[in-house]
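Reading the structure
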Amino acid sequence: MRIALLLAGSLLMGQDWPKTIFEQTEFKQTSTVADVKTFMSALAKHTPGLKPYHPKGAPTTTETGKPLNAWRLAATGRDPLRVYLNGNIHAGEVEGKDALQLVLRELAQGKHPQLRKALEIVTLPTYNADGTDALDPRNRTHQPNPAGGVGPRENAFGLDLNRDMMKAASANVQWLLAMYRDFDPSCIMDLHTTNGSYHGFHITHQASWGTGGDQGLSRFNRRMLVEVQEKLKGQGLPTYDYGNFRMDKDRKPVAWETDFASPNLTSNYPVLEYRLGVLVETYVYLGYPERIEANRKFILEVLAWLAEHKDEVKAQQQAARTRWTEAWKQGAPKLPLKAEPEETEKATIDLVEPLRDENRRYLGEKNRTTLVLPSFVTYKDMDLVGVPTGYLVDPAYARRVRPMLEAHGLKVLPGSARPKGETILNFHETERTISKGAYQGVFTLQLKGSWKQEPLPKRAAYPWTNQDLDQALYVPVNQPLGRLAFYLLDPRSADGLVFWGIFHSSLIRGSGMWGDGPRAPIMAVGASAMEAPAGAPVKGNEKHED
Ligand SMILES: [Zn+2]
C-alpha cells in the first residue's frame, strides 16, 4: 500500500517517465515495432496533446501486416509549423528510430518549450516496419551494433523504400503520400546511417534537391542546415553536407561530392511539393549509443531552427509556389531533365584511415589526415526543356495510373477537359536504354526524344481516336504540383512512370510478339513543349550509399 502510494506520487511528479528498450537493456537491444508502441503509449499517458496518428486514406499496415504506427504531438502555441520525422526507413540504420523516442520524451517533459509552442510534429519511428522486426546480428556487421542485431535495409519484398517515392509501389510510401495530403508538413526529416565513408563528421546532411524542384527553396533549405552546422560546431558535434570523397586514379581524394538528386528519395521529393527536406546520415563507425546521441542533438537543433524561423519557412514555401504560378503567366516554364552537383565551396574534411579485423569489422582509427578540398554539395539544373500544358494518359491505363497520380496530390481531369485550342503532340523517340539488370524489381526504360506535332512513323494496332482522347486522363502541368506531373509523366523523366515500367507492355515489344504494337500510352498537349531538344542521357541512380 505504502509502495503503491509512493509510486503514484512519483508518477504525479513526472519523475517516472517511460524508458526505451535500449535504456532498459544498456544498449543491447534496439527497438522493435512493439517496443516503440509500448514506449510511446506510456509517454502519451503523461502527455496531453500526444496521440496515435493515422492519415486519412492511408494503409494501416505494411503488406506483411506490420502496423505503421505514427504519433502526433500537438503544438502548445497557435499557427504552428508542421514537421514530419521519419525513422528506420533502412532498418539496419537504427539510431534515428531510437533517438526519435528520446526527442519525443524531452518534448513531452517540457524541456523545449519554444519548440512545443511553434511546432506540430508527426513521427513514424519504425517506417520500414517489416525490417524493424527482422533483427539479426548478421545484418550490417561492419558497424558497431547492439548485441541483439539490427534489421535489413529493404522491406519484405526487397524494395528499397528510399527509392520508392515516385512509383509508390510500397504501402509505406502510400502511407507517406497520404500523410502529405492529410498533415501537410513544411519539413520532412529522414534518418539514416552512412554505409562506410571515412570522414570525421558525426552527421552529414542534405537539403531537399530533387531534380526540377524550386532552386530557391532548396538553397533556403541548405541555409538552414549550414546554420545548424555552425550551432552544433559550438557544441562539439562535427557535421557537414552529405557526400563522399572523389578519388583520382591513384586513390587520392581530390574532391568532396554528392550526386543524389533523384526525387525518388524520401528527402529529395519534398521540394517538388514546396516543402523542406533533410537527409540525415549518421557516421557509421561511431558506437551505437554515440550514434543515438548524435541523432538526438541534430534533430533537436533542426527543430529549434524551424521553430525560430517558422514564419520565414512558410513565406519561402509560398514564394516558391508563386514562382511556379508566375512562370505560367510568362508562357510555359522550362524544367531540367537532370541536375548535376556544382562546386559550392572549399571545405576542410578529415580522411580517416580505419583499423579493421580480418572480417573487415571496424576496430577504430589508425590515423586521420585533414584535407582542404573543393566541395560539390549543391546542384545546378541541366538539359532544360519546355514543358507541355498537360499530358493525356491512355484510358486503358486509367485504373492503374489515376490512383498513383492522385496519391501525389495531382488533379486529374477527363481528356475532354483538355484545352481545345492547343496542339496535340506525339513523343518521337530517338533512343532508348533498357537496363541490363533489374533495379527495384524493374528493368527500367530510359527514353530520349522530343514532342512533335507530326504523327508517329509507325502505325499502331489501336490508333488514338477522338473518343480515346476525350476518355483519357488529362493531367495539367499548369497546376500547383505541376512539376510532379512533368517528372511522373514525361517519357524522358529519369524517375517517371515510363522509367519504372508502368507502360512496358505498350512500349517494349519483345521477340515473339508480332504485329503492330499498341498506341503510345502518353500524349502531350501544348505547343510550348515543341521546341524541346532531345534529352541528354541521364545517369542511373543506383550507386549511392545511404
Ligand atoms: Zn539509409
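Predicted model, so just to flag it, every value in this text is computed and none were measured. (Residues numbered from 1 in each chain as written. Predicted model: local features only at pLDDT ≥ 70, side-chain atom pairs only at ≥ 80, totals over all residues. Heavy atoms only, no water.)

**Things to note about the overall build of the protein chain**
Within the protein chain, the secondary structure is distributed over 14 helices and 20 strands. Computed over C-alpha atoms, the radius of gyration of the protein chain comes to 25 Å, within 12% of the 24 Å expected from 2.2 N^0.38 for 546 residues, which places it in the range of a compact globule. Its C-alpha atoms give the protein chain principal-axis dimensions of roughly 85 × 60 × 45 Å. Classification of the 546 residues of the protein chain by burial places 57% in the buried group. Within the protein chain, residue pairs in contact and separated by at least 24 positions form 80% of the contacts whose partners lie at least 6 positions apart. (Helix = DSSP H or I, 4+ residues; strand = E, 2+ residues; numbered from the N terminus. Rg over C-alpha atoms; globule rule 2.2 N^0.38 Å. Buried < 20%, exposed > 50% of the residue type's maximum accessible area, 1.4 Å probe, protein only. Contact = heavy atoms within 4.5 Å.)

**Looking at the nonpolar core**
Residues Leu119, Trp175, Met224, Phe298, Leu306, Leu405 and Phe503 are the most contacted members of the largest nonpolar core, which totals 138 residues. If you tally residues by element for this core, the top one is helix α9 (residues 288-308), at eleven residues. Ignoring anything within four residues of it in the chain, the contact list for Leu306 reads Leu81, Val83, Leu119, Cys187, Met224, Leu276 and Val313. If you look at the next biggest cluster of nonpolar residues, it comprises nine residues, including Tyr240, Phe245, Ile349 and Val377. (Core = buried A, V, L, I, M, F, W, Y, C linked by side-chain atoms within 4.5 Å.)

**Here's the deal with the sheet that holds strand β10 (residues 276-282)**
Paired through backbone hydrogen bonds, the strands of a sheet run either parallel or antiparallel to each other. If you walk across this open sheet you meet the eight strands as β1-β2-β4-β3-β5-β10-β6-β7, and the pairing is mixed. Single-partner strands in this sheet number two, and they are β1 (50-53) and β7 (239-241). Strand-to-strand twist across the sheet, computed as the mean angle between neighbouring axes with direction ignored, equals 25°. By the bridge criterion, five bridges tie strand β6 (residues 203-207) to β10 in an arrangement that is antiparallel. Paired with Gln206 across the bridge in β10 is Leu279. (Pairing = 2+ DSSP bridges. Axes fitted to C-alpha atoms, helices over the stretch in contact; angles between N-to-C directions.)

**A look at the packing of helix α3 (residues 33-46) against helix α4 (residues 95-108)**
Their axes nearest at 11 Å, the elements α3 and α4 cross at an angle of 5°. As far as their axial angle goes, α4 and α3 are roughly parallel. Contacts between α3 and α4 involve Val36, Phe39, Met40 and Leu43 from the first element and Lys97, Gln101, Leu104, Arg105 and Ala108 from the second. Here the contact of α3 with α4 is composed, by residue class, of six nonpolar, one polar and two charged. (Parallel < 35°, antiparallel > 145°, perpendicular 65-115°, else oblique. Nonpolar A, V, L, I, M, F, W, Y, C, P; charged D, E, K, R; others polar.)

**Re the domain arrangement of the protein chain**
Domain boundaries assigned for the protein chain yield domain 1 (20-380) and domain 2 (389-529). For domain 1 and domain 2, the distance between their C-alpha centres works out to 33 Å. Taken together, the 27 residues of domain 1 in the interface contact 24 residues of domain 2. Carbon and sulfur atoms make up 63% of the surface buried where domain 1 meets domain 2, a total of about 2,300 Å² over both sides. Remark: the boundary between domain 1 and domain 2 carries one salt bridge. A salt bridge links Arg483 to Asp214, with the shortest nitrogen-to-oxygen separation between them at 3.9 Å. (Domains from an automatic or database assignment. Buried area = accessible area lost by both parts, 1.4 Å probe. Salt bridge = Lys/Arg side-chain N within 4 Å of Asp/Glu carboxyl O.)

**Points about the packing of aromatic side chains**
Per the stated rule, a full pass over the model turns up 22 aromatic pairs. When the ring of Tyr242 is compared with that of Phe260, the centres are 5.1 Å apart and the planes differ by 20°; the resulting orientation is stacked. Of the two residues, Tyr242 is situated in the loop between β7 and β8 (244-247) and Phe260 in the loop between β9 (253-257) and β10; the sequence distance between them amounts to 18 residues. Residue class for Tyr242 comes out buried when judged on its relative accessible area of 6%. Where Phe499 meets Trp500, the ring centres are 5.0 Å apart and the plane angle is 90°; that geometry is what we call edge-to-face. Taking the relative accessible area as the measure of exposure, Trp500 reaches 3% and is therefore buried. In this structure an aromatic cluster arises from ring pairing among Tyr53, Tyr84, Trp175 and Phe183. Arg519 extends its terminal NZ or CZ atom over the ring of Trp464, reaching a point 5.2 Å from the ring centre. (Phe/Tyr/Trp six-rings, centres within 6.5 Å; stacked < 30°, edge-to-face > 60°. Lys NZ or Arg CZ within 6 Å of the ring centre and 35° of its normal.)

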